[in-house]
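Residue strings, one per chain:
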Amino acid sequence: MGVSKTIWTNPTEFLRVNRPENPVLFFSPSALQATARRFIDGFPGMVTYAVKSNPEEVVIENLLAAGLRGFDVASPFEMRLIRRLAPDAAMHYNNPVRSRAEIAVAVEMGIKSYSVDSASELAKLIELVPAAETEITVRFKLPVGGAAYNFGAKFGATADLATELLREVAQAGFIPSLTFHPGTQCTEPTTWEAYIRTAAQIADDAGVAIARLNVGGGYPSHRLKDAPPDLEAIFAMIDTVATEVFGDNHPILICEPGRGLCGDAFSVATRVKAVRDEAHVFLNDGVYGSLFELPMIGVIDRTEVLASDGKRRSGEDLPRIVFGPTCDSVDRLPGELLLPGDIEEGDFLIFHGMGAYSTVTNTRFNGFGELGLATVLSLRL
Ligand SMILES: *Cc1c(COP(=O)(O)O)cnc(C)c1O
């Protein structure tokens, strides 16, 4: 990505001056640091960051500046990135399936926390990771809703299997802990409640006192105008239920948000390539680019349209089908977007809340995907 050195007042100023042909992501360090502080001040435990959601170095650096000291890493690449930028930070290796070569890298790097959701992967860890002062966190799943899509389809042991695994972790001399991921963009505090109650049951059935309970990522970012995320309601629920089921000496709580931390620190400005026969809007960015996630978790309605001179379009909203730039017919945003009726070729369509799973999943398919990055004081247009 082309990183511009200048700090712009807001996206409008940048767009008016540069009229970029390629999509541009706008990053607000102050928005990121404010969200990081909201987590650090509000969450009743340790806050870590799921690096996969946005591994841009400016993101990691600003999270460190805000006081964050722990990272959920899933690959040797992410481990090396964090070691280089934050040599003293804690790394939790919470990808429950790993090759032997990947485990060797983690051991070499001194990683002291691993998650697991199967007997075969636990056997690998017991064989390859020295137990001293090392935590193995058993990941379990529940058939509960509340999230934009279900993470339990790939990872997580049933409660019964988790009980057995937890016992085995303790017997092998590792520090026993539990974890879950409620599913991404989870807006329902009661989803965490159900998981925390089950965690207590698993620990009780296993006869194991867990050292830590990692309550996952899944925290929502602001995707719909009328639904700003209520992080504090989720934090309060976690605190109340953990204290109720584990007592005052409850295990240390950890959270590992990705989207909830970085999502609202970025907006993307796409450009209208064509309004085809007054009906279809074609953008220079789409589902092979920074809008990759939209077909999976639904469209973002926090959009604004600027004419190429920076003036806001304010025509009456009309439903439009919106396509990305590639020649693939799946390159289409889900449903229809309500866009100002006076939108024209050359206009900028800005999507807010675009920090997570955007820069990192952008592809070069069909020769598109050249994404600019600009720093702004504020994301307000
Ligand atoms: C992806 C992931 C996260 C972050 O999920 P968000 O929904 O972005 O908060 C946290 N923990 C684990 C283990 C993950 O795989």
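Just so it is clear, the model here is predicted, and its values are computed rather than measured. (Residues numbered from 1 in each chain as written. Predicted model: local features only at pLDDT ≥ 70, side-chain atom pairs only at ≥ 80, totals over all residues. Heavy atoms only, no water.)

Regarding the side chain of Thr-35
Summarising the element assignment, Thr-35 is placed in helix H2 (residues 29-42). On the accessibility criterion, Thr-35 (15% relative accessible area) is buried. Among the polar contacts listed, one links the side chain of Thr-35 to the backbone oxygen of Ala-31, at a separation of 3.0 Å. Apart from the residues lying within four places of it in its own chain, the contact partners of Thr-35 are Gly-260 and Leu-261. (Helix = DSSP H or I, 4+ residues; strand = E, 2+ residues; numbered from the N terminus. Buried < 20%, exposed > 50% of the residue type's maximum accessible area, 1.4 Å probe, protein only. Polar contact = N/O pair within 3.5 Å; in protein donor to acceptor, adjacent residues only side chain to side chain. Contact = heavy atoms within 4.5 Å.)

Digging into the nonpolar core
Formed by 93 residues in total, the largest nonpolar core has its most connected members in Tyr-49, Phe-71, Leu-178, Val-215, Tyr-219 and Phe-351. The residue makeup of this core includes at least three contributed by each of domain 1 (3-27 + 263-376) and domain 2 (30-262). In contact with Phe-351, not counting residues within four places along its chain, are Ser-267, Val-268, Thr-270, Leu-283, Leu-291, Leu-294, Ile-300, Arg-302, Thr-303, Leu-333 and Leu-337. (Core = buried A, V, L, I, M, F, W, Y, C linked by side-chain atoms within 4.5 Å. Domains from an automatic or database assignment.)

Notes on the site of the ligand
Near the ligand you find 15 residues, and of these Lys-52, Thr-184, Gly-218, Glu-256 and Tyr-357 are the closest. Contact between the ligand and Gly-218: an oxygen atom at 2.8 Å from a main-chain N or O atom of the residue. Of the residues contributing to the shell around the ligand, the split by class is four nonpolar, six polar and five charged. (Near = heavy atom within 4 Å. Nonpolar A, V, L, I, M, F, W, Y, C, P; charged D, E, K, R; others polar.)

A short note on unusual backbone geometry
With phi around 55°, Glu-133 is a residue other than glycine that occupies positive phi space. You can see Glu-133 is positioned in the loop between helix H6 (119-128) and strand S7 (135-139). Judged by relative accessible area, Glu-133 falls into the exposed class, the value being 68%. The residue Glu-278 is not glycine, and still its phi comes out positive at about 65°. Along the chain, the position of Glu-278 falls in the loop between strand S11 (266-276) and strand S12 (280-283). Take Glu-278: its relative accessible area is 67%, and that puts it in the exposed class.

Focus: the domain arrangement of the chain
Domain boundaries in the chain define domain 1 (3-27 + 263-376) and domain 2 (30-262). Spacing between the C-alpha centres of domain 1 and domain 2 amounts to 32 Å. In this assembly, 21 residues from domain 1 lie in contact with 22 residues from domain 2. Taken as a group, Ile-297, Asp-301 and Tyr-357 account for 28% of the area that domain 1 buries against domain 2, more than any other trio of residues on that side. (Buried area = accessible area lost by both parts, 1.4 Å probe.)

Focus: the packing of aromatic side chains
In the structure shown here, the tally under the stated rule is 14 aromatic pairs. An angle of 90° between the planes, with centres 5.4 Å apart, marks the rings of Phe-39 and Tyr-219 as edge-to-face. Here Phe-39, found in helix H2, pairs with Tyr-219, found in the loop between strand S9 (212-214) and helix H9 (231-246); they are 180 residues apart in sequence, far enough to count as distant. By relative accessible area, Phe-39 is classed as buried at 0%. Plain terms: the ring middles of Phe-39 and Phe-235 are 5.2 Å apart, the flat faces sit at 65° to each other, and that makes the pair edge-to-face. (Phe/Tyr/Trp six-rings, centres within 6.5 Å; stacked < 30°, edge-to-face > 60°.)

Considering the pattern of salt bridges
If you walk through the whole model with that rule in mind, you get 16 salt bridges. One salt bridge in this structure joins Glu-135 and Arg-212, with 2.7 Å as the shortest N-O distance. Residue Glu-135 is found in strand S7, and its partner Arg-212 is found in strand S9; the two are separated by 77 residues along the sequence. For Arg-212, a relative accessible area of 19% corresponds to the buried category. Between Arg-259 and Glu-293 there is a salt bridge, and its shortest N-O distance comes to 2.7 Å. Of this pair, Arg-259 sits in helix H10 (residues 259-262) while Glu-293 sits in the loop between S12 and helix H11 (294-297), and the two are 34 residues apart along the sequence. When salt bridges with common partners are traced through the structure, they connect Glu-193, Arg-197 and Glu-244 into a single cluster. (Salt bridge = Lys/Arg side-chain N within 4 Å of Asp/Glu carboxyl O.)

What to know about helix H3 (residues 57-65)
Taken together, the buried positions of H3 are Val-59, Ile-60, Asn-62, Leu-63 and Leu-64. A positive backbone phi angle near 110° is found at Gly-67, which sits one or two residues after H3.

Topic: helix H8 (residues 189-206)
For H8, spanning 18 residues, the distance from its first C-alpha to its last is 26 Å, which sits close to the expected 26 Å at 1.5 Å a residue. Within the sequence span of H8, burial applies to Pro-189, Thr-191, Trp-192, Tyr-195, Ile-196, Thr-198, Ala-199, Ala-200, Ile-202, Ala-203 and Ala-206. Where H8 is buried, its residues touch helix H7 (159-171), strand S8 (175-179), S9 and H9. Directly after H8, the chain includes Gly-207, whose backbone phi takes a positive value near 70°. (Expected span 1.5 Å × (residues − 1).)

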